[in-house]
Amino acid sequence: MSETSPKLRAELEGIPTYKPGKPAAAGPVAYKLSSNENPYPPLPGVTESMAAAAGSFNRYPDMACTGLMNELADRFGVPLSHLATGTGSVGVAQQLLQATSGPGDEVIYAWRSFEAYPIITQISGATSVRVPLTPGDVHDLDAMAEAITDRTRLIFVCNPNNPTGTAVRRTELERFLDRVPSDVLVVLDEAYREFVRDVEVPDGVELYRNRPNVCVLRTFSKAYGLAGLRVGFAIAHEPVAAALRKTAVPFGVSQLAQDAAVASLRAEDELLGRVGSLVSERARVLAVLRGQGWTVPDSQANFVWLRLGERTLDFAAACEQAGVVVRPFAGEGVRVTVGETEANDIFLKVTEGFRKEA
Ligand SMILES: Cc1ncc(COP(=O)(O)O)c(C=O)c1O
């Protein structure tokens, strides 16, 4: 028997592994502020819908996600043919790459941005073109437009941006979209849309309506608090949405996830109340940080970004010691989710100590 292993695609070599937010340690106090999750339990009606779905685990889910698709079509005022669901919005993003890009093609995104972009781009075989954020940690849309070549197939605009929380505004985003050739797909990744309060930050769903090359990505993982169930969706014109249905993993979205998503959409009032509390807490955290002397970009998401450079890992270790787990990007900074008030207070104590030491 030969000793050679099965031939694997060369593109897989050197793919960075996705680092999930570290779980909270077992200990007297431990809060997880490392994955931009929602600190609230599921919305009313969600647990009940899941309990009902649990009786049918011997059956495959509804592959077309009919109930959820109808609810989304109503909620966003879009035709059913413009919708596609997937296993989290990262699953849908991967389908978008499968549908558009392969070896020899280029995919543009800002950097630093959502860490899945380089991974799923490399899996597709396409080449990543990373465009640095501005010194203020915002997408440099002019530079991104200049990076477009004949090979560009897809551009991610993460709005608000993970991990910096910054958002691009209507005028600059529209100017950018006007510069992108109509055969290049622009993906507006709006995983944190519900937390946006700056009225100048546009809703991608309005921008997509008269732009066939714009696709909006949304998720139930963040504001809706269903991260563990893996359901996200795209709104795009028919050819793109149809391509997403072709590239979907059959039966990828469980019935549990579909029913929970529908129940969450129906509990929107409660949802908006919770999001409002997190947004107020975000304002408090940013104000305290600034009062302590930190320079922090304005966040339109459910997290804040501290550019700590070389002190990043020390700071993350100090947070963990104090009872909160944050998300460090070595040599750059930490991203800290706005969580329970007590958790945020622990984080703010650590930042205070760090300022004093500095
Ligand atoms: C910008 C952005 N997009 C997409 C996702 C993926 O979320 P999910 O796959 O849970 O929908 C995340 C999760 O952290 C994110 O930050």
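Under an unreviewed UniProt entry, the name given to the chain is Aromatic amino acid aminotransferase, and the organism recorded is Streptomyces fructofermentans. According to UniProt, the comment filed for the chain under the heading Cofactor (unreviewed entry) is "pyridoxal 5'-phosphate". UniProt, in the comment section headed Catalytic activity (unreviewed entry), describes the chain in these words: "an aromatic L-alpha-amino acid + 2-oxoglutarate = an aromatic oxo-acid + L-glutamate".

A. Representation of the site of the ligand within the structure. Around the ligand lies a shell of 13 residues, among which S89, Y192, T219, S221 and R230 are the nearest. Between the ligand and the protein, one listed contact pairs an oxygen atom with a backbone N or O atom of S89 at 2.6 Å. Within the side chain of Y192, an N or O atom sits 2.7 Å from an oxygen atom of the ligand. Protein chains bury 94% of the 400 Å² of accessible surface belonging to the ligand in isolation. Broken down by element, the residue count for the shell around the ligand peaks at three residues, all from helix α3 (residues 88–100). Broken down by class, the residue content of the shell around the ligand amounts to five nonpolar, five polar and three charged.

B. Spotlight on the sheet that holds strand β9 (residues 303–306). Taken in spatial order, the three strands line up as β9-β12-β11 in an open sheet, and their pairing is antiparallel. Strands at the two margins of the open sheet, each flanked by one partner only, are β9 and β11 (327–329). Across the sheet, the axes of successive neighbouring strands diverge by a mean angle of 20°, strand direction being ignored. Sheet topology note: the β11/strand β12 (residues 333–337) ladder contains three bridges and is antiparallel. Looking across to β12, one finds that P328 is bridged to V334. Relative to β11, helix α11 (residues 312–322) is tilted by about 165°, and along the sheet it contacts β9, β11 and β12.

C. Geometry of a nonpolar patch on the surface. Judged by side-chain polarity, Y60, M63 and F251 come together as a nonpolar surface patch covering roughly 380 Å² of accessible area. Checked against the element boundaries, Y60 lands in the loop between α1 (46–54) and α2 (66–76).

D. Local environment of the sheet that holds strand β2 (residues 83–86). In space, the seven strands of this open sheet follow the order β2-β8-β7-β6-β5-β3-β4, with mixed pairing throughout. The open sheet has two edge strands, β2 and β4 (127–132), and neither has a second partner. Averaged over all neighbouring strand pairs, the angle between strand axes comes to 25°, with direction disregarded. Bridging between strand β5 (residues 152–158) and strand β6 (residues 185–189) involves five bridges; their strand directions are parallel.

E. A look at the packing of aromatic side chains. All told, the structure shown has 13 aromatic pairs when counted by the stated rule. Seen from their ring centres, F76 and F233 are 5.6 Å apart, and the 50° between their planes marks the pair as tilted. Of the two residues, F76 sits in helix α2 while F233 sits in strand β8 (residues 232–235), which places them 157 residues apart along the sequence. Each member of the pair F76 and F233 is classed as buried. Through a chain of ring-to-ring contacts, the aromatic side chains of Y109, W111, F114, Y117 and F156 assemble into a single cluster. Note that R335 overlies the ring of F303, its terminal NZ or CZ placed 6.0 Å from the centroid.

So, how was this worked out
One numbering rule holds for all chains: residues counted from 1, following each sequence as written. The model is predicted, so local features are restricted to residues of pLDDT at least 70 and side-chain atom pairs to those at 80 or more, both for listing and for counting; the totals for chains, interfaces and linings are taken over all residues. Neither water nor hydrogens contribute to the side-chain values; these are computed over all heavy atoms in the structure. UniProt positions are given in the numbering used here, feature names are shortened, and annotations may be inferred rather than shown by experiment. Nearness is defined per residue: one heavy atom within 4 Å of the molecule or strand is enough. The term polar contact refers here to a pair of N or O atoms within 3.5 Å; inside protein, the definition further demands a hydrogen-donor-capable atom paired with an acceptor-capable atom, and it admits residues adjacent in sequence only when both atoms are side-chain atoms. Accessible areas in this description were obtained via Shrake-Rupley with a 1.4 Å probe; residue shielding takes into account the shown protein chains only. Secondary structure elements are defined from DSSP: runs of H or I of at least 4 residues count as helices, runs of E of at least 2 residues count as strands, and each element is numbered from the N terminus. Only Asp, Glu, Lys and Arg are considered charged, only Ala, Val, Leu, Ile, Met, Phe, Trp, Tyr, Cys and Pro nonpolar, and every remaining residue, Gly among them, polar. DSSP calls a pair of strands paired once it identifies at least 2 bridges connecting them. Convention adopted: a line fitted to C-alpha atoms gives each axis, helices being fitted over their contacting stretch, and angles between N-to-C directions are expressed from 0 to 180 degrees. Contacts: residue pairs with any heavy atoms within 4.5 Å of one another. Patch construction takes residues with relative accessible area above 30% that form no salt bridge. Like charges are linked within 9 Å, and nonpolar side chains (Val, Leu, Ile, Met, Phe, Trp, Tyr) are linked within 5 Å. Whenever a carboxyl oxygen of Asp or Glu lies within 4 Å of a side-chain nitrogen of Lys or Arg, that contact is scored as a salt bridge. Two aromatic rings from Phe, Tyr or Trp, using only the six-membered ring of Trp, form a pair when their centres are within 6.5 Å; if the ring planes differ by under 30 degrees the pair is stacked, by over 60 it is edge-to-face, and anything between is tilted. Buried residues are those whose accessible area, probed at 1.4 Å on protein chains only, stays under 20% of the maximum for their type, while exposed residues exceed 50% and partly exposed ones sit between those limits. Our definition puts a charge over a ring when NZ of Lys or CZ of Arg is within 6 Å of the ring centre and also within 35 degrees of the ring normal.

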